[in-house]
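# Fold and geometry: a report
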Amino acid sequence: MDAEHARALSRSLGPLPEPLLASAMTRPVPAPPPAPSPAVSSPSDLERMRHAGAGDPEAQAWLMTHVISRVRRIARTFLRSAADADDAAQLALLAILESASSYRGDAAVDAWARRVAVRTILRYARQQRREGAPVAPESAIDEEIAQAPHQPPFEALPREARAYLDELPEAQRHVILLHHALDYSIEEIAGMTEVSADTVKSRLRLGIGALRKQVRQDLAVGRKRAS
């Protein structure tokens, strides 16, 4: 997805979304609540999403406020520069707005929006990598991992986590970030990346194994992280 695609998405949504998105991207947004989301939407959320899909300004504003903090967090994890992260987040928000009319309430709104956002942001990150742009944040990945409820098995690394992750195949790197940095479950990652849960588990196992091997090699030669 490029800037022209983003503009085309914006035009298809009419005159409202850009001001909405600009406002949402600049105002402070509270962190998402820690409580788990329900498996399905509530009747009121389903009604709001129906209105959002029909272009209702109030419902669209509610949707953007409801999902933006998680979308931003995902974008910051996969994109190095703040500008690229903002671009990816905006594309994801536009995709969420564009897809609102297809929402059927089979999952909670935030879970549904996360799937849309992850697919959009991963496509953007892959495009950036193909074009040679840096896509792994120098410090954001380390910060996300340090704060994650599931502590990954590569603490106190001789190099930054980013350096190790950059050496992994893309599919393994993505599932490790989604699981360990963003704390999504195996089932959630399977839905977001459109592969089976067994495939996600396999990619995690192989990726973590490769990370451990890299760390052992660095420790064996006495490599230390630059200060």
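For the structure itself, consult the block above.
Report on the accompanying structure. (Residues numbered from 1 in each chain as written. Predicted model: local features only at pLDDT ≥ 70, side-chain atom pairs only at ≥ 80, totals over all residues. Heavy atoms only, no water.)

### Regarding the side chain of Thr120
As for its placement among the helices and strands, Thr120 is situated in helix α6 (residues 109-130). Polar side-chain contacts of Thr120 include one of 2.9 Å to the backbone oxygen of Val116. (Helix = DSSP H or I, 4+ residues; strand = E, 2+ residues; numbered from the N terminus. Polar contact = N/O pair within 3.5 Å; in protein donor to acceptor, adjacent residues only side chain to side chain.)

### Topic: unusual backbone geometry
The backbone phi angle of Asp183 is positive, close to 65°, even though this residue is not glycine. Counting through the fold element by element, Asp183 comes out in the loop between α9 (170-181) and α10 (186-193). For Asp183, a relative accessible area of 29% corresponds to the partly exposed category. Despite not being glycine, Glu194 shows a phi value in the positive range, around 60°. By the secondary structure assignment, Glu194 is in the loop between α10 and α11 (197-220). (Buried < 20%, exposed > 50% of the residue type's maximum accessible area, 1.4 Å probe, protein only.)

### So, helix α4 (residues 57-78)
Helix length check: α4 (22 residues) gives 30 Å between terminal C-alpha atoms against 32 Å at 1.5 Å per residue, within 8%. When the local axis directions of α4 are compared, the greatest deviation, roughly 45°, occurs at Ile68. Among the residues of α4, the N-terminal cap falls to Asp56, whose side-chain oxygen and the backbone nitrogen of Glu58 are separated by 3.3 Å. (Expected span 1.5 Å × (residues − 1). Bend = angle between axes of the 7 residues up to and from the residue.)

### Thoughts on α6
Here α6 spans 32 Å end to end across 22 residues, near enough to the 32 Å set by a 1.5 Å rise per residue. Counting buried residues in α6 gives 16 out of 22 residues, a clear majority hidden from the surface.

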